[in-house]
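Coordinates in review
One-letter residues, chain by chain:
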Amino acid sequence: MKNAIDRTLRILTTSAALSLVMLSAPQAFAATPADTLVEGFAIDDIISLDPGEAFELSAAEVTGNSYSKLVTIDISDTSKVIGDLADSWTTSEDGLTYTFKLKSGLKFASGNPLTAADVAYSFERAVKLDKSPAFLLTQFGLKGDNVTEKAKATDDATFVLTVDKPYAPSFVLNVLTSTVASVVDKKLIEEKAKAVTPTADYKYETDFGNEFLKTGYAGSGPYRVLGWKANEAVIMEVNPNYYGEKPKLKRVVYRHMKESSGQRLALENGDIDIARNLEPGDVEAVSKKDGLSTTSAPKGTLYYFSLNQKNKNLAKPEVVEAFKYLVDYDAIGETLIKGIGEIHQTFLPKGQLGALDEKPYKLDVAKAKELLAKAGLAEGFTVTMDVRNTQPVTGIAESVQQTLAQAGIKLEIIPGDGKQTLTKFRARTHDIYIGQWGSDYFDPNSNAETFTINYDNSDEGKNKTLAWRNAWDVPELTKQTQSALLEKDSAKRAAIYEDLQKKALTTSPFVVIFQQTEVAGYSAKLKGFKLGPSFDTNFVYNISKD
């Protein structure tokens, strides 16, 4: 990784190099450079910047500002999808074929022309790489052996996508706003791709540039990524070939900072322009400080903890329900998430089609003890929880640790950074995992697909949804969730999701705690700063400085 950053340094201008130096010497400057935006942000969850692989909140924000897609969400009205690279599109009468016409004169940051062949290649590599977000595309029937026929360019300006079922068009288009549908530079990727030896699990002789794109860049968005060093920084610079309005600032630096107090101090000192992970007390302090402001936006991001059904104790239905009575929701709402979220217990965030705001659970130790006794665990048991060492996650885990103890359950907290906890979670080797889930696109299936679908519960399962990660085998809910995709009547479709949420509330191994309200503190020198409705729509290209 050090070599990648060293290479980045060599191509930076003096001003950009200065920005990078700031990362390791934050007290050396009284103000950030006039042409550079510096954000304090906990980015330790980033594992890769390849849009065909990245599936973390921080990575999605970076790709959202550096890659373009066929279509994107209208952030002023999230019920609408608007063109990005696509100038227009049509759907066939049978609902199976989507034809997109690209805008003219498109280029990648490299200078290479962007054509429909690049779009087709982007779909092909995402499907064949088969990384975590691939299921967003494979759910349309795309597979390694048919993707070149199902997702193809018919000429330089025309891309045709053929899906396997007549899904609700709004669902298909919303999926295409997700980061896995980002368009990559085919020519550059093929130059950077490495040869690999096929195996039983991976039958291709190329890595499709995956090793390069983990830290590299091959996009066409407003900014281009210059470098990423894990747990230190991501640096982006203006893409001179961007087709749209050029960003106001030349450069953006995401500087890894975990602690809320550290972010607040850096903001007050002028070492950063935006503080992104402020706790309630620090939000209040920033709001009272001259020259600083705060902003907030409701997010479709849910915080939850989940019980791995491979653990025999956690797999007992009475234990699953007992855990839902062993969370002090009121105390968490009044302290840990005050101003940054609201208590929410269903898997669809408020604002999405069919979302329920039912909150049947509250702290009830007596009820939990009764359920544990029915499960034959009246004396309790010991269990572990993997916890990313950031707030409010750590605080919530500690609160749950205390309330579980009241029922005789001893919880051992295993702290780690974002990569450590996520890697263990994705391998299904955890007992309990606490984290957050942000909708990949503005359609209820984004959450239903992951919370209530598990196609193959074996360790070899390819669709690694949250249900799969927690070994929750639910064939009936899987069928019901799939049926909602074919329902074109919005009211009937909403009713299916309402029923799914009610079933999941009582039986699922997910304890949903709250829905996020994202907050940020920022310098009053900034103009145009606004948090978006999702984790990949926190756009920075409209921001300027006085």
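Before reading on, note that the structure itself is shown above.
Okay, so let's go over this structure. (Residues numbered from 1 in each chain as written. Predicted model: local features only at pLDDT ≥ 70, side-chain atom pairs only at ≥ 80, totals over all residues. Heavy atoms only, no water.)

**What about the overall build of the chain?**
The condition that has to hold: Only DSSP runs of H or I covering at least 4 residues are called helices, and only runs of E covering at least 2 are called strands; the numbering of each starts at the N terminus. In this treatment the radius of gyration is a C-alpha quantity, and the globule benchmark scales as 2.2 Å times the residue count to the 0.38 power. Throughout, exposure labels follow a simple rule: accessible area from a 1.4 Å probe, protein chains only, divided by the maximum for the residue type, with under 20% read as buried, over 50% as exposed, and the rest as partly exposed.
Along its length, the chain carries 20 helices and 19 strands. Here the C-alpha atoms of the chain give a radius of gyration of 23 Å, agreeing with the 24 Å that 2.2 N^0.38 yields for 546 residues. Each principal axis of the C-alpha atoms in the chain carries an extent, and together these give about 65 × 60 × 45 Å. A burial count over the chain gives 58% of its 546 residues as buried.

**Topic: the nonpolar core**
Across soluble globular proteins, you tend to see nonpolar side chains buried next to one another. Applied cut-off: Nine residue types can take part in a nonpolar core, namely buried Ala, Val, Leu, Ile, Met, Phe, Trp, Tyr and Cys, and a core is a set of them joined through side-chain atoms within 4.5 Å. Any pair of residues with heavy atoms lying within 4.5 Å of one another is described as a contacting pair.
Counting residues in hydrophobic clusters, the biggest one holds 62 residues, and the most contacted among them are Leu70, Phe100, Phe123, Phe159, Leu161 and Phe171. Of the residues forming this core, the biggest block, six residues, is contributed by helix H4 (residues 116–129). Leucine 70 has contacts with Gly83, Asp84, Leu85, Ala86, Phe100, Leu102, Val119, Phe123 and Phe159, leaving out every residue within four places of it along the chain. Ranked by size, the runner-up nonpolar core spans 55 residues in total, among them Leu226, Leu292, Ala368 and Val400.

**Some details on the packing of helix H19 (residues 475–484) against helix H20 (residues 490–507)**
Going by this rule: Fitting a line to C-alpha atoms yields each axis, with helices limited to the stretch in contact; the angle taken between N-to-C directions then spans 0 to 180 degrees. Put simply, angles under 35 degrees are roughly parallel, angles over 145 are roughly antiparallel, angles from 65 to 115 are roughly perpendicular, and the rest are oblique. Two helices cross in a left-handed way if the nearer one is turned anticlockwise from the farther one by less than a right angle. They cross in a right-handed way if the turn is clockwise. Polar here means any residue outside two lists: the nonpolar Ala, Val, Leu, Ile, Met, Phe, Trp, Tyr, Cys and Pro, and the charged Asp, Glu, Lys and Arg; Gly therefore counts as polar.
One can describe the packing of H19 onto H20 by two numbers: an axis separation of 9 Å at closest approach and a directional angle of 155°. When the axis of H19 is compared with that of H20, the two are roughly antiparallel. Seen from above, H19 lies across H20 with left-handed handedness. Where H19 abuts H20, its residues Leu477, Gln480, Thr481, Ser483 and Ala484 lie against Arg493, Ile496, Tyr497, Asp499, Leu500 and Lys503. Of the residues contributing to the contact of H19 with H20, the split by class is five nonpolar, three polar and three charged.

**Quick notes on unusual backbone geometry**
Residue proline 392 follows glutamine 391 across a cis peptide bond; omega there is 5°. Unusually for a residue other than glycine, aspartate 130 sits at a positive phi of about 55°. Residue position: aspartate 130 is located in the loop between H4 and helix H5 (135–138). Taking relative accessible area as the criterion, aspartate 130 reaches 33% and is therefore assigned partly exposed. In this structure, arginine 428 is a non-glycine residue whose phi angle is positive, near 60°.

**With respect to the sheet that holds strand S4 (residues 86–91)**
Operational definition: In this scheme, strands are said to pair when DSSP sees at least two bridges between them.
Across the sheet, four strands lie side by side as S4-S5-S7-S6; this open sheet has antiparallel pairing. Looking at which strands have only one partner, the edges of the open sheet turn out to be S4 and strand S6 (151–155). Averaged over all pairs of adjacent strands, the angle between strand axes in this sheet comes to 25°, irrespective of strand direction. Relative to strand S7 (residues 158–162), strand S5 (residues 97–102) runs antiparallel, the two sharing five bridges. Looking at S7, one finds that phenylalanine 100 is bridged to phenylalanine 159. In the packing of H4 onto the sheet, the strands contacted are S5, S6 and S7, and the crossing angle to S6 comes to about 170°.

**Remarks on the pattern of salt bridges**
For clarity, the cut-off: Throughout this description, the term salt bridge denotes a Lys or Arg side-chain nitrogen within 4 Å of a carboxyl oxygen of Asp or Glu.
Applying the stated criterion across every chain, the model contains 32 salt bridges. For the salt bridge of aspartate 35 with arginine 251, the shortest nitrogen-to-oxygen distance reads 3.8 Å. Remark: arginine 251 occurs in strand S10 (residues 251–256) and aspartate 35 occurs in the loop between helix H2 (14–24) and strand S1 (36–41); sequence separation between them is 216 residues. A salt bridge links glutamate 61 to arginine 276, with the nearest nitrogen and oxygen atoms 2.8 Å apart. Of this pair, glutamate 61 sits in helix H3 (residues 57–66) while arginine 276 sits in the loop between strand S11 (274–275) and helix H11 (280–287), and the two are 215 residues apart along the sequence. Residue class for glutamate 61 comes out buried when judged on its relative accessible area of 2%.

**Here we look at empty space enclosed by the protein**
To keep things clear, this is the line we draw: Cavities and pockets are found on a 1 Å grid laid over the protein atoms alone: a cavity is a set of points where a 1.4 Å probe fits but cannot escape, a pocket is an open set with protein on both sides within 12 Å along at least five of seven lines, and a lining residue has an atom within 4 Å of such a point. Grid points are joined across faces, edges and corners, and a volume is the space filled by probe spheres set on the points.
Under the criterion given, the structure shown has five cavities of 30 Å³ or more. In this model, the largest cavity occupies a volume close to 440 Å³. The set of elements that each furnish at least two residues to the lining of the largest cavity consists of H3, strand S12 (292–307) and strand S17 (510–523). When residues of the lining of the largest cavity are assigned to their parent elements, the largest contribution, five residues, is made by S17. Residue classes in the lining of the largest cavity are distributed as 11 nonpolar, nine polar and eight charged. Here the second largest cavity defines a volume of roughly 360 Å³. What lines the second largest cavity is a set of 27 residues, and nearest its centre among them are Phe55, Glu56, Leu57, Leu422 and Gln436. Taken together, the elements giving at least two residues each to the lining of the second largest cavity come down to H3, helix H16 (418–426), strand S16 (432–438) and helix H18 (466–469). Its residues placed into classes, the lining of the second largest cavity shows 13 nonpolar, seven polar and seven charged.

**Focus: the packing of aromatic side chains**
One pair of aromatic rings is described through two measures. These are the centre distance and the angle between the planes. Rule in force here: Any two rings among Phe, Tyr and Trp, with Trp reduced to its six-membered ring, count as a pair given centres within 6.5 Å; such a pair is stacked if its planes are under 30 degrees apart, edge-to-face if over 60, and tilted if neither.
Under the counting rule described, the total for this entry stands at 28 aromatic pairs. Aromatic side chains tyrosine 202 and tyrosine 204 sit 5.4 Å apart centroid to centroid with 80° between the ring planes, which places their arrangement in the edge-to-face category. Take tyrosine 204: its relative accessible area is 15%, and that puts it in the buried class. Look at tyrosine 303 and phenylalanine 514: their rings are 4.4 Å apart centre to centre, the planes differ by 10°, and that puts the pair in the stacked class. Here the residue tyrosine 303 occupies a position in strand S12, and phenylalanine 514 occupies one in strand S17, the gap between them amounting to 211 residues. In terms of burial, tyrosine 303 and phenylalanine 514 fall into one category: buried. Site record: aromatic cluster; members linked through ring pairs are Tyr304, Phe347, Phe425, Tyr433, Phe451, Trp472 and Phe510.

**Things to note about the layout of surface pockets**
Its boundaries defined by the atoms lining it, the largest pocket holds a volume of some 1000 Å³. Along the wall of the largest pocket there are 39 residues; nearest its centre are Val127, Asp130, Ala134, Thr138 and Lys462. Taken together, the elements giving at least two residues each to the lining of the largest pocket come down to H4 and H5. When residues in the lining of the largest pocket are grouped by element, the largest group, three residues, is from H4. Its residues placed into classes, the lining of the largest pocket shows 14 nonpolar, eight polar and 17 charged.

**Observations concerning the pairing of strand S9 (residues 233–238)**
Within S9, six of the six residues are buried, leaving the element largely enclosed by the surrounding structure. Where strand S8 (residues 223–229) meets S9, six bridges bridge the pair, whose relative direction is antiparallel. Considered in S9, the bridge of tyrosine 223 is made with valine 238. Taken together, S8 and the strand that follows it, S9, pair antiparallel across an intervening segment of three residues, in which asparagine 231 is found at a positive phi of about 65°. In the sheet, S9 pairs with S10 via five bridges, with the strands oriented antiparallel. What sits directly across from isoleucine 235, in S10, is valine 253.

Spatial relationships are all this shows, so hold off on functional conclusions.
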